[in-house]
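# Chains, contacts and geometry: an overview
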Amino acid sequence: MATQYVIGIDLGTTNCVLAYAPLVSDVPEVRLLDIPQLVAAGTIESRQSLPSFLYLASPHETTGGALDLPWATGQTFAVGEYARRQGAEVPDRTVVAAKSWLCHSRVDRHQPILPWGAPGEVSKISPVTATQRYLEHLLGAWRAAMPDAPIAQQRVVLTVPASFDAAARELTREAALAAGLPDDFVLLEEPQAAVYAWLAAPGERWRRDLGVGDRLLVCDVGGGTTDLTLVGVTEEAGELQLQRIAVGNHLLVGGDNMDLALAHFVAGLFAEQGMQLDPWQSVALWHSCRAAKEALLAPADSTQSRATHPVSVLGRGRKLIGGTVTVEVERQAVSDLLMEGFFPRSRIDELPARQRVSGFREIGLPFEADTAVTRHLAAFLGAHAGEADQEAVRPSHVLFNGGVFKAEPFRRRLLDVLGEWFGAGEDAPRALAGEHDLDCAAAKGAAYYGWAKQAGGVRIRGGTARAYYVGIETAGLAVPGAPRPLRALCVVPFGMEEGTEADVPGGEIGLVVGEPAHFRFFSSPTRKEDRPGDMLAHWSPDELAETDPLEATLPLDEAIDEPYVPVTFRSRITELGVFELWCVSTQSNKQWKLEFSVREEGQGAE
Amino acid sequence: MRRIWLAIRVFFLVLFRREVAEAVEAALEGRAAPPRAPVAPAEVQTPKGPAPAKAPQRSEALTLLAALQREARFVDFVEEPLDDYTDAQVGAAARDVHRNCRAVLQRLFAPQPLLGDAEGSEVEVPRGFDPGRYRLVGQVTGEPPFRGRLAHPGWEAAKCDVPSWSGGKSAVKVIAPAEVEL
């Protein structure tokens, strides 16, 4: 049976969406798949998105198939809306933000560590397994809806944050294959997928809206993370080309931070009136604030809205009205809190505040100490300034993505700030015209990308978003108490294209036979000039970030007399965007693949 | 031959089953059969083996009520006597209940106005209209098409996606489970 559909999957930190399009059609017809899921015990409802939460039920709750799905019986856990609801009231049994753990190199992501900090009685699962469960659910929904189009024969595009490094991509891949995705599925960066969703609009509109030299900033603020990407417009043989120029770091700040900040603020207002909220009420308040956020952000000066807006927490139990508590919240205060907290009018040279490092930092997720998206944006634009730019790269257009930007005041503020940085009026960076589906753009764009790949639509060229380096200890006299100086050998240059490989000149090293060899591994989103074989002796901590180490073992039974084998490196980016690093013997032509050893704690990670 | 057999069947069915008798009477008088739940024809009732153990079913109406209670506290709100509360107290709770009820209705039914015309504008009720789609009030005389003022544009569900339920026998009529904090 031939491939019928291209399937785009957005595996979000807080929500998953699946879009699909028939492969053989003249125009892309992208649709969303409704995903049946538990919304309460024993109750199945189809929703457009699958919340990325996993509830590990106690054995007493699974009797009678309370967690069964149309395609799976005897379930001991729940994924989706029910799990999200449980997450608020039974946090010890609910896995949240597995995706953020996936790229957190300070923990072993194959170990059952989630829910983080759960008591021993709960049978925890690993971030990789949680990711696998979400994908299995999506695939189950697909099989139920499309019995005549087996997943293994469809073309699948899975989105990952642009800021995911090679190790996090590899782990995502591992989870996806375990869940049953076809071997040849493709990874696509989320902000690029959002651009594809915009490109999918009929009539080649983008050729009118963008011109040579334009630079498009994709600002994606989702529930848990912020992802920044810059796409440039160039010309080649008279045709406009899109080129991904830069991606930002993985920033753990998003809409959930805003809801929580707002809830905290409103809880303070309740406290001023002498009302202390219990844990259940606090959860309810969080939901109320999420729902009221947009109403609260409506400009206070507009004539139809009052200066205050009520926020209520309904009474628990059957005494709903009697138990309801309410405060009037000043719109101005909310605007100050959220605008100044998350989108302040900062200067372009103002960098995010760093967390003061205490000796006893908890391992948990490395949430951003500075929640100001604008300051992170300034740092991103500054880091990628080219020679033509003054101090920061100047975007000409902005594409918003992520649920946070449903609130129009945030979009306007971000454009205002960019206007202050780069000149207002005609020159100011402006938002891309057109309809934007802020929640589903990534999945839809992924499906469109798969279709365009076949049908010959426009593609964004990019290659790797980072340069990669292997740490090499320099030979020399050992100094007691001091580590040997470390150098970084560039093995993958920035922008290395899919389907290419590079032999790394120089850097010949000896691999000991029969023992695992470890290599420290670094990446840089900003060093764009380094070529394979370049050896760095110094770098600033901002430039190179250490990720998971690599490891290879030369089997003992090789016909090798020497105790060690001299090798050089060869790097490869497969057609599917998978990074591979090989050690090649300089004597025979044998080669050994280096694997990420994510089982170990990232050594020396800051 | 077929018609003889049919006549014999009809004779016995009219004799023993009231709903068939009514339908035949209606057919003889040339009017449509009264609308009612479709009745399985007699021959379907041939005895089969023991029915497989089926999961208990329940009315979609209860599942809808459970959804409104779960997401919007609808039953709590309506069941609570209002006598002891001020309008401000009721209003404070109603705002949240209203918002969440609407979210449920939008998601499950996506109600749309039946007619796109503005309230108060003049509309035409076509010849052969479906009385399920138009309710005529005031002085109803003459033959359609009628012209009149649109008092209410009506509502129509764009979809009907009530959740499906699969629970145990003792939970068939449960709208909301008892919550116990441990």
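Residues numbered from 1 in each chain as written. Chains lettered and ligands numbered in written order. Predicted model: local features only at pLDDT ≥ 70, side-chain atom pairs only at ≥ 80, totals over all residues.

## Focus on the overall build of chain B
- A tally of helices and strands in chain B yields five helices and five strands.
- Beginning at the N terminus, the succession of helices and strands in chain B can be written as α-α-α-α-α-β-β-β-β-β.
- Put simply, 64% of the contacts in chain B that link residues at least 6 apart link residues at least 24 apart. (Helix = DSSP H or I, 4+ residues; strand = E, 2+ residues; numbered from the N terminus. Contact = placed C-beta atoms within 7 Å.)

## Re the interface of chain B and chain A
- Opposite the 22 residues of chain B that make contact, chain A presents 22 residues.
- Examining the composition of the side of chain B that touches chain A, we find that seven residues originate from one element, helix α5 (residues 87-108) of chain B, more than from any other.
- For the side of chain B that touches chain A, the class distribution of residues is seven nonpolar, six polar and nine charged.
- Sheet topology places strand β5 (residues 43-47) of chain A next to strand β5 (residues 164-165) of chain B; two bridges connect them, and they run antiparallel. Looking across to β5(B), one finds that A:T43 is bridged to B:W165. (Nonpolar A, V, L, I, M, F, W, Y, C, P; charged D, E, K, R; others polar. Pairing = 2+ DSSP bridges.)

## Brief notes about the pairing of strand β24 (residues 516-524) of chain A
Residues and elements named next belong to chain A.
- Bridge count for strand β20 (residues 467-473) against β24 is four bridges, and the pairing is antiparallel. Counted as the bridge partner of Y469 is F522 from β24.
- When β24 meets strand β26 (residues 545-553), the two strands line up antiparallel, connected through seven bridges. Bridge assignment links S523 to a residue of β26, and that residue is A545.

## Comments concerning the sheet that holds strand β12 (residues 215-221) of chain A
All names here are of chain A.
- Taken in spatial order, the six strands make up an open sheet running β18-β17-β12-β13-β14-β19, and their pairing is mixed. The sheet is open, and its two edges are formed by β18 (430-431) and β19 (460-461), each paired on a single side.
- Contacting β12, β13 (226-236), β14 (239-247), β17 (397-401) and β19, helix α5 (residues 190-199) runs over the sheet at an angle of about 115° to β12. (Axes fitted to C-alpha atoms, helices over the stretch in contact; angles between N-to-C directions.)

## Some remarks on the environment of A:F569
- Within the secondary structure layout, A:F569 lies in strand β27 (residues 564-573).
- It is 36 Å that separates the C-alpha atoms of A:F569 and A:C219, two residues lying 350 residues apart in sequence.

## Observations regarding helix α9 (residues 331-342) of chain A
Residue and element names in this part refer to chain A.
- Helix length check: α9 (12 residues) gives 16 Å between terminal C-alpha atoms against 16 Å at 1.5 Å per residue, within 8%.
- Residues of α9 that are buried include every one of R331, V334, L338 and F342, and no others. The buried residues of α9 all sit within an arc of 65° when viewed along its axis, so they share a single face. (Expected span 1.5 Å × (residues − 1). Buried ≥ 20, exposed ≤ 12 C-beta atoms within 10 Å, placed from the backbone. Arc of directions from axis to C-beta.)

## Structural notes on the environment of A:N15
All names here are of chain A.
- Mapping N15 onto the fold places it in strand β2 (residues 15-22).
- The spatial distance from the C-alpha of N15 to the C-alpha of L50 is 5.5 Å, given a sequence separation of 35 residues.
- When neighbours within four sequence positions are excluded, N15 is seen to be in contact with S49, L50, P51, S52 and G223.

## Details of the sheet that holds β5(B)
- Taken in spatial order, the three strands make up an open sheet running β4(A)-β5(A)-β5(B), and their pairing is antiparallel. Looking at which strands have only one partner, the edges of the open sheet turn out to be β4 (35-40) of chain A together with β5 of chain B.
- Sheet contacts for helix α1 (residues 81-89) of chain A: β4 and β5 of chain A; angle to β4(A), the most-contacted strand, approximately 35°.

## Quick look at helix α7 (residues 255-272) of chain A
All names here are of chain A.
- Across its 18 residues, α7 extends 26 Å between first and last C-alpha, which sits within 8% of the 26 Å expected from 1.5 Å per residue.
- Three or more residues of α7 are buried, namely G255, D256, N257, M258, D259, L262, A263, V266 and A267.
- Buried residues in α7 make contact with β12, α8 (279-297), β15 (308-313), β16 (325-330) and α9.
- After α7 finishes, the residue G274 shows a positive phi value of roughly 80°.

## A closer look at the packing of α7(A) against α9(A)
Residues and elements named next belong to chain A.
- Where α7 contacts α9, the two axes come as close as 10 Å, and the packing angle between them is 140°. In terms of orientation, α7 and α9 fall into the oblique class. The crossing of α7 and α9 is right-handed. On α9, the residues that touch M258, A261, L262 and F265 of α7 are V334, L337, L338, G341 and F342.
- Taken together, the residues that form the contact of α7 with α9 break down as eight nonpolar, one polar and no charged. (Parallel < 35°, antiparallel > 145°, perpendicular 65-115°, else oblique. Left-handed = near helix turned anticlockwise from the far one by under 90°.)

## Notes on the nonpolar core
Residue and element names in this part refer to chain A.
- Core analysis: the largest hydrophobic core is formed by 177 residues, its most contacted members being L18, L138 and A447.
- Take this core: its biggest share by element is nine residues, from helix α12 (residues 441-455).
- If we ignore the near neighbours within four places in the chain, the residues touching L138 are I9, C16, L18, I35 and L50. (Core = buried A, V, L, I, M, F, W, Y, C linked by C-beta atoms within 7 Å.)

None of this, on its own, says anything about what the molecule does.
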